[in-house]
Amino acid sequence: MFRYTKRTALREIGLWVLALVFLLPFYFLIAMALKPDSEIYSTSTLAWPQHPSLESFATALNGQGNADIVHGLINSIIMTAGSILGLVLLGALTGYVISRSTRRWSRGVYYLFLVAIVLPTQLGTVPLYIGARTIGLTGSVWGMIVLYTGMLLPLSIFLYAGFFRGLGTEYEEAAAIDGANRTQIFFRIVLPLMSPATGTVAILAGLIVWNDFFTSLIFLGGSENQTLPVSMYFFIGSLVSKWNSIFAIVIISMVPILLFYLFAQKKFIQGFAGGLKG
Amino acid sequence: MSATMYSETEVVIVPKRRRREQRQGTRPRRAGVLSFGHWWWALPGIVLVIGIHYVATAVGGAYAFTDWTGIGAFHWIGLDNFVAIFQDPTKIGALGNTLFLAIASVLLTNVIGLGLALGLNRLIKTRYALRVLFFMPVVLSPLAVSYIWKFIFDFNGPINAILNSLGLQSWVRPWLADPSFAIWAVLVVIVWQQTGFAMVIYMAGLAAVPPEIEEAAAIDGAGLWQRFWHVVLPAIRPAVAIATTLGIVNGLRIFDQIMALTNGGPAGATETLATQVYKQAFSLGNFGYGAALALLLALIILIFAVIQQRLTASRPEEA
């Protein structure tokens, strides 16, 4: 009874119109970023630039100190990659041990992680900041990687534990009979089997770390090491209504994540819809 | 913990559970013959989570009852910080804004997201392309998205340009600098960015509803609205629970958007608890006071998460 009728076609056209209106902000973003300085106020804000130019991107890439976008970009890449590495390694190891163990403590530890997911992070930031300041971890890229890994570890463990529960033990048993030790079983057999879970963890954690502003503003504030969102914040604060330069920075910050998204959109959407369900 | 981990008493204390587990499995797992990793592999993860989540939260909770400013000694001052919060109109305003933004954004994103998911549900040939487009803002940083909208709401920006060209000059205003409109502008930005997320959760939920049930209801004479209310909605209740719970928890923590769009202004009209925590603790150095605000925010988040779970989990069929 559900057939493609004229009304369905109308619905489809209507949805496309809605989508185009919904994405209108991206048109403003690109049009403004391509305007040379002389056109910011002389042309209508709705119009496409008369002489599109990339000069605003040159301005954006020349920021110094706190507002150094290139430095921020490199730091963001290192932090995101480092945190993903830590979350995959620690998350997989911990999730594996607590979901395979039948002992009672593993159940308690699982709940320890589950509660930590719900625990609001705001309250912990003040003592964490003071602790990190005392041992000199503020303003350091490595300190941020440790911090992000710890903050997102409950989510990572939760996702891995869910996948391990659904995975039979046959492969591990076969490997053990063939004489593999526990370390070999884990790294040669279990971890490769876990690649779907690793993908979900990497996407969710990568997005959260890459887009994070609050944590990096607090822990890196005032230092030379900024992440992309923080250097964007400081640079834009210094550009009063110079919208073409502001939007050049915004585009630079968006391109890496959008490329990833369009390249692996199915995995992204499944990661969000399935990963956060549990 | 490690001392009791391998003790024999454990087996004696919980004999029923262990026997049941052994019967369910194909064979008992005995250490030595076949074991899965070493228990100490979990240790770095446990230490990190206890330190960063539990110890930090507990210490933060304790700070809330002190007057510490980050340097030197501090005093226990009981509930003084909380009394100060509730006597300060700015903090009451921030509390109201936080609740308003969270509740309004959850309602709007879920209604619009569900509408889009229903629209895209069946027959639409380009549904996957449309899904990619509507979900796109979700992956972007809230800060970057807020800057785009800051321009759109600017006095010389597109909204006012459109209003002018439509001859609605009287509606033209500096949206983000107008105390009565700024909070609504922030709401628009949050809803624009988060709707795709609700939509994707509802699309996954709707895909699991078999079309036969809907067809049967239609044959029994149920209209479109009745079919939605009595057949589809009960079937996707888990999706509603997830989308609203995550939405409310994130909505209560709104920070990036405010910092980029208004920085709390005009005249504190868009302050939220999260921006106040940041300003008090990290800009002004009032760690004790900031921690009290954070504790308040944490309690509100917990209360809403629990209420949300109760409401969506135990609602009877007729809802």
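Residues numbered from 1 in each chain as written. Chains lettered and ligands numbered in written order. Predicted model: local features only at pLDDT ≥ 70, side-chain atom pairs only at ≥ 80, totals over all residues. Heavy atoms only, no water.

Identification of chain B as Sugar ABC transporter permease from Microbacterium horticulturae is taken from an unreviewed UniProt entry. In its Subcellular location (unreviewed entry) section, the UniProt entry covering chain B states "Cell membrane". (UniProt positions renumbered as here; feature names shortened; annotations may be inferred.)

What follows covers the environment of A:Ala273. Looking at the element boundaries, A:Ala273 is found in helix 14 (residues 265-275). What A:Ala273 contacts, discounting residues up to four positions off in sequence, is B:Val200 and B:Ala204. (Helix = DSSP H or I, 4+ residues; strand = E, 2+ residues; numbered from the N terminus. Contact = heavy atoms within 4.5 Å.)

To continue, consider helix 6 (residues 122-134) of chain A. All names here are of chain A. Here helix 6 spans 19 Å end to end across 13 residues, near enough to the 18 Å set by a 1.5 Å rise per residue. Here helix 6 lies mainly inside the structure; 10 of its 13 residues are buried. When we look at burial in helix 6, the residues that qualify are Gln122, Leu123, Gly124, Thr125, Val126, Pro127, Leu128, Tyr129, Ile130 and Ala132. Directly beyond the C-terminal end of helix 6, a positive phi value near 75 degrees is found at Gly136. (Expected span 1.5 Å × (residues − 1). Buried < 20%, exposed > 50% of the residue type's maximum accessible area, 1.4 Å probe, protein only.)

A few words now on the interface of chain B and chain A. Interface size is commonly expressed as the accessible area that is lost once the parts come together. Contact with chain B, which involves 100 residues of that partner, is made by 93 residues of chain A. Both faces combined, the contact of chain B with chain A buries some 9500 Å², and carbon together with sulfur accounts for 77% of it. Summed over the three residues of chain B that lose the most area to chain A, namely B:Phe36, B:Trp41 and B:Phe151, the buried surface amounts to 8% of that side. Along the contact surface separating chain B from chain A lie 14 residue pairs in polar contact (both at pLDDT 80 or more). Per element, the largest residue contribution to the side of chain B that touches chain A is 15 residues, and it comes from helix 4 (residues 43-63) of chain B. Looking at the side of chain B that touches chain A residue by residue, the class counts come to 69 nonpolar, 15 polar and 16 charged. (Buried area = accessible area lost by both parts, 1.4 Å probe. Polar contact = N/O pair within 3.5 Å; in protein donor to acceptor, adjacent residues only side chain to side chain. Nonpolar A, V, L, I, M, F, W, Y, C, P; charged D, E, K, R; others polar.)

For the rest of this paragraph, the subject is the nonpolar core. Grouped together as the largest cluster of nonpolar side chains are 189 residues, with contacts concentrated most on A:Phe247, A:Val250, A:Met254, A:Tyr261, B:Phe135, B:Tyr202 and B:Ile236. Beyond its immediate sequence surroundings of up to four residues, B:Tyr202 is in contact with B:Asn110, B:Gly113, B:Leu114, B:Ala117, B:Ile236, B:Ala239, B:Val240 and B:Ala243. (Core = buried A, V, L, I, M, F, W, Y, C linked by side-chain atoms within 4.5 Å.)

Attention now goes to the packing of helix 13 (residues 243-263) of chain A against helix 7 (residues 127-139) of chain B. Their axes nearest at 11 Å, the elements helix 13 of chain A and helix 7 of chain B cross at an angle of 145 degrees. Note on packing geometry: the crossing formed by helix 13 of chain A with helix 7 of chain B is right-handed. Along the contact surface, helix 13 of chain A presents A:Ile257, A:Leu258, A:Tyr261 and A:Leu262, while helix 7 of chain B presents B:Arg131, B:Val132, B:Phe135, B:Met136 and B:Val139. Along the lines of polarity and charge, the residues of the contact of helix 13 of chain A with helix 7 of chain B split into eight nonpolar, no polar and one charged. (Axes fitted to C-alpha atoms, helices over the stretch in contact; angles between N-to-C directions. Left-handed = near helix turned anticlockwise from the far one by under 90°.)

The next point concerns the packing of aromatic side chains. Considering all chains together, one arrives at 36 aromatic pairs over all chains under this definition. Geometrically, the ring pair formed by B:Trp68 and B:Phe287 is tilted, given 6.1 Å between the ring centres and 35 degrees between the ring planes. With B:Trp68 in the loop between helix 4 and helix 5 (80-87) and B:Phe287 in helix 16 (residues 287-313), this residue pair connects regions lying 219 residues apart in the sequence. Summarising the burial analysis for this pair, B:Trp68 and B:Phe287 share the class buried. Plain terms: the ring middles of B:Phe282 and B:Phe287 are 6.0 Å apart, the flat faces sit at 85 degrees to each other, and that makes the pair edge-to-face. Side by side, B:Phe282 and B:Phe287 carry an identical accessibility label, which is buried. Three or more aromatic residues joined by ring pairs form one cluster here, namely A:Tyr129, A:Phe213, A:Phe214, A:Phe219, A:Tyr233, A:Phe234, B:Tyr63, B:Trp68, B:Phe255, B:Tyr278, B:Phe282 and B:Phe287. If you follow A:Arg165 out to its NZ or CZ, it ends over the ring of A:Tyr110, 4.7 Å from the centre. Lying across the ring of B:Tyr128, B:Arg127 places its NZ or CZ 5.2 Å from the centre. (Phe/Tyr/Trp six-rings, centres within 6.5 Å; stacked < 30°, edge-to-face > 60°. Lys NZ or Arg CZ within 6 Å of the ring centre and 35° of its normal.)

Next up on the list: the side chain of A:Ser253. Tracing the chain through its elements places A:Ser253 in helix 13. Residue A:Ser253 is classed as buried on the basis of its relative accessible area, which comes to 8%. Only 2.8 Å separates the side chain of A:Ser253 from the backbone oxygen of A:Val250, close enough to count as a polar contact. Residues in contact with A:Ser253, not counting those within four places in the same chain, are A:Trp210, A:Leu228, A:Met232 and B:Ala144.

Okay, the pattern of salt bridges next. All names here are of chain A. With the rule as written, the count across this model stands at five salt bridges over all chains. For Glu172, the salt bridge goes to Arg100, with nearest N and O atoms at 2.9 Å. Remark: Arg100 occurs in helix 4 (residues 69-100) and Glu172 occurs in helix 8 (residues 170-177); sequence separation between them is 72 residues. A relative accessible area of 1% means that Glu172 is categorised as buried. (Salt bridge = Lys/Arg side-chain N within 4 Å of Asp/Glu carboxyl O.)

So, on to the side chain of B:Asp154. Inspection of the secondary structure puts B:Asp154 in the loop between helix 8 (142-152) and helix 9 (158-165). Buried charged residue B:Asp154 carries no salt bridge. Nearest counter-charge: B:Lys150, at 7.4 Å. For B:Asp154, the residues in contact, after removing those within four places along its chain, are A:Trp243 and B:Asn160. (Lys, Arg positive; Asp, Glu negative; His and termini not counted.)

Let us now look at a nonpolar patch on the surface. Judged by side-chain polarity, A:Leu61, A:Val70, A:Ile74, A:Ile78 and A:Trp142 come together as a nonpolar surface patch covering roughly 480 Å² of accessible area. Counting residues per element, the nonpolar patch draws most heavily on helix 4 of chain A, which supplies three residues. (Patch = residues over 30% accessible without salt bridge, like charges linked within 9 Å, V, L, I, M, F, W, Y side chains within 5 Å. Areas by Shrake-Rupley, 256 points an atom, 1.4 Å probe, with all protein chains shown as cover.)

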